[in-house]
Amino acid sequence: MKIIALVLLLAIAFAEIHPVNEQIVNEIKEKATWTPMETEENPFAYMSIEQIKGMMGAKLTVYGDNAEDLGTDVPTEFDSRTAWPGKVHAVRDQGSCGSCWAFGATEALSDRFFIEKGTDVVLSPQHLVSCDKSNFGCNGGYLDKAWSFMHKTGVVTDECYPYTSGTTGEDGTCSDHCTSESDDEFDMFHSASPTMTSNVAKTQQAIMRDGPVEAAFTVYQDFMSYKGGIYKHTTGSMLGGHAIKAIGWGEEAGTPYWIMVNSWGESWGEQGLFRIAMGDCGINNQMTFAIAE
């Protein structure tokens, strides 16, 4: 009996603790300058650890730098929403699929088509999830490969290829025609060859010239309780990698930060957005973007 009790105690000790819990929230309140969401109001509290980890679909790496230094002076603050009113599209929701890599890519390119060419289009993350075989659908993907797919193959509109993976967490079947009721042939939108950089100034210059870019960072347990403020990792272990859209930056109380659009719906964070301290959680390391063609 003593052996069985010891085994049970060890199992409990080594069991993974749910990332949304009172201890983490209390530590955030005690140590951080950003605001956490109370556990009872946090929708992630009702998801399993496996479901939460499954949403972390960005394959993290450190790129070489092929970005151009545009020689542009960078202001302390910049926001694509004020620079190009109405041309940054609405916050989306990836659901239970680890498709953040596809959302960040298609959302940034959608904005860039509107900003660069005046073409108001919402591009399809489902097309990438189902058809980009260099990546892994709901099991994640690399940012540069997503942009290479949009460059070489192209990507269709969300109207043509609607998002279905969010409710099922499944990739779906790749089709060569629209999966919507229209059943039309594909009308492809392409990006130029992707640019990757970890240089903050080059990223800022690129956003100022052409619009939002895709970014990725390491998600820790405390991020699942984010409600507002400038996020800095405070407590908790790593959950995985997550891709988002960077639309600008600012500075508050001496802390420079990025403005990010998440893909967890408008009810999360700061109306679907969050701010994160520059350099925190590897956020600067794999900014990815391309000109709309």
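The structure this text deals with has already been given above.
Overview of the structure.

## A few points about the overall build of the protein chain
Then step 1. Scanning the protein chain for helices and strands turns up 9 helices and 10 strands.
Then step 2. Relative to the compact-globule value of 19 Å for 293 residues, the protein chain shows a C-alpha radius of gyration of 20 Å, a close match.
Then step 3. Principal-axis analysis of the C-alpha atoms gives the protein chain an extent of 70 × 50 × 35 Å.
Then step 4. In the protein chain, which comprises 293 residues, the proportion classed as buried is 54%.

## Observations regarding the state of the cysteines
Then step 1. Throughout the structure, instances matching the rule amount to 3 disulfides.
Then step 2. Note that Cys97 is cross-linked by a disulfide to Cys138, the S-S spacing being 2.1 Å. Judged by the torsion about the S-S bond (-105 degrees), the Cys97/Cys138 disulfide is left-handed. Of the two residues, Cys97 is situated in the loop between helix H4 (80-83) and helix H5 (100-117) and Cys138 in the loop between helix H6 (125-131) and helix H7 (143-152); the sequence distance between them amounts to 41 residues. One exposure class covers both Cys97 and Cys138, and it is buried.
Then step 3. Across the disulfide from Cys160 sits Cys178; the S-S distance is 2.1 Å. In this structure, the disulfide formed by Cys160 and Cys178 twists by about -105 degrees around the S-S bond and is classed as left-handed. On the criterion of sequence distance, the pair formed by Cys160 in the loop between H7 and helix H8 (165-168) and Cys178 in the loop between H8 and strand E3 (195-197) is long-range, its members being 18 residues apart. Of the two residues examined, Cys160 and Cys178, each falls in the buried class.
Then step 4. Sequential numbering of the bridged cysteines in the protein chain gives the disulfide pattern 1-3, 2-5, 4-6.
Then step 5. Take Cys100: it sits in no disulfide, and the sulfur closest to it among the cysteines is that of Cys97, at 8.7 Å.

## Notes on the pairing of strand E8 (residues 255-261)
Side-chain direction in a regular strand flips from residue to residue, so the side chains alternate between the two faces of the sheet.
Then step 1. In terms of burial, E8 is largely enclosed, as 6 of its 7 residues are buried.
Then step 2. Sheet topology note: the strand E7 (residues 238-252)/E8 ladder contains 7 bridges and is antiparallel. The residue bridging Trp249 from the neighbouring strand is Trp258, located in E8.
Then step 3. Where E7 folds back on E8, the antiparallel hairpin that results is connected by 2 residues, among which Ala253 adopts a positive phi of roughly 50 degrees.
Then step 4. Pairing of E8 with strand E9 (residues 273-277) involves 5 bridges; the strand directions are antiparallel. Paired with Met260 across the strands is Phe274, a residue of E9.

## Digging into the environment of Ala108
Then step 1. Its place among the elements puts Ala108 in helix H5.
Then step 2. Residues Ala108 and Ala292 lie 184 residues apart in sequence; the distance between their C-alpha atoms is 10.0 Å.
Then step 3. Not counting residues within four places of it along the chain, the set of residues in contact with Ala108 comprises Trp147, Pro212, Val213, Glu214 and Lys245.

## Some thoughts on the packing of aromatic side chains
Then step 1. What the rule picks out here adds up to 21 aromatic pairs.
Then step 2. Considering the side-chain rings of Phe44 and Trp264, the 5.0 Å spacing of their centres and the 70 degrees angle between planes classify their relative orientation as edge-to-face. Of this pair, Phe44 sits in the loop between strand E1 (35-36) and helix H3 (49-54) while Trp264 sits in the loop between E8 and E9, and the two are 220 residues apart along the sequence. We note that Phe44, like Trp264, is buried.
Then step 3. Their ring planes at 35 degrees and their centres at 5.4 Å tell us that Tyr226 and Trp268 sit as a pair that is tilted. Of this pair, Tyr226 sits in strand E5 (residues 226-228) while Trp268 sits in the loop between E8 and E9, and the two are 42 residues apart along the sequence. Note on accessibility: Tyr226 and Trp268 belong to one class, buried.
Then step 4. The structure contains a cluster of three or more aromatic residues connected by ring pairs, namely Trp34, Phe44, Phe217, Phe223, Tyr226, Tyr231, Trp264, Trp268 and Phe274.
Then step 5. Lying across the ring of Tyr257, Arg275 places its NZ or CZ 5.4 Å from the centre.

## Section: the nonpolar core
Then step 1. Judged by nonpolar contacts, the single largest core of 38 residues is most densely connected at Phe44, Phe217, Phe223, Met224, Met260 and Phe274.
Then step 2. Elements with a contribution of two residues or more to this core: helix H2 (22-31), helix H9 (200-210), strand E4 (213-220), E7, E8, E9 and strand E10 (287-289).
Then step 3. Filtering out sequence-adjacent residues up to four positions away, Phe223 remains in contact with Phe217, Tyr231, Asn262, Trp264, Trp268 and Phe274.
Then step 4. In this structure, Ala102, Val121, Cys138 and Phe149 belong to the second largest nonpolar core, which totals 27 residues.

The rules behind the values
Residues numbered from 1 in each chain as written. Predicted model: local features only at pLDDT ≥ 70, side-chain atom pairs only at ≥ 80, totals over all residues. Heavy atoms only, no water. Helix = DSSP H or I, 4+ residues; strand = E, 2+ residues; numbered from the N terminus. Rg over C-alpha atoms; globule rule 2.2 N^0.38 Å. Buried < 20%, exposed > 50% of the residue type's maximum accessible area, 1.4 Å probe, protein only. Disulfide = S-S within 2.5 Å. Pairing = 2+ DSSP bridges. Contact = heavy atoms within 4.5 Å. Phe/Tyr/Trp six-rings, centres within 6.5 Å; stacked < 30°, edge-to-face > 60°. Lys NZ or Arg CZ within 6 Å of the ring centre and 35° of its normal. Core = buried A, V, L, I, M, F, W, Y, C linked by side-chain atoms within 4.5 Å.

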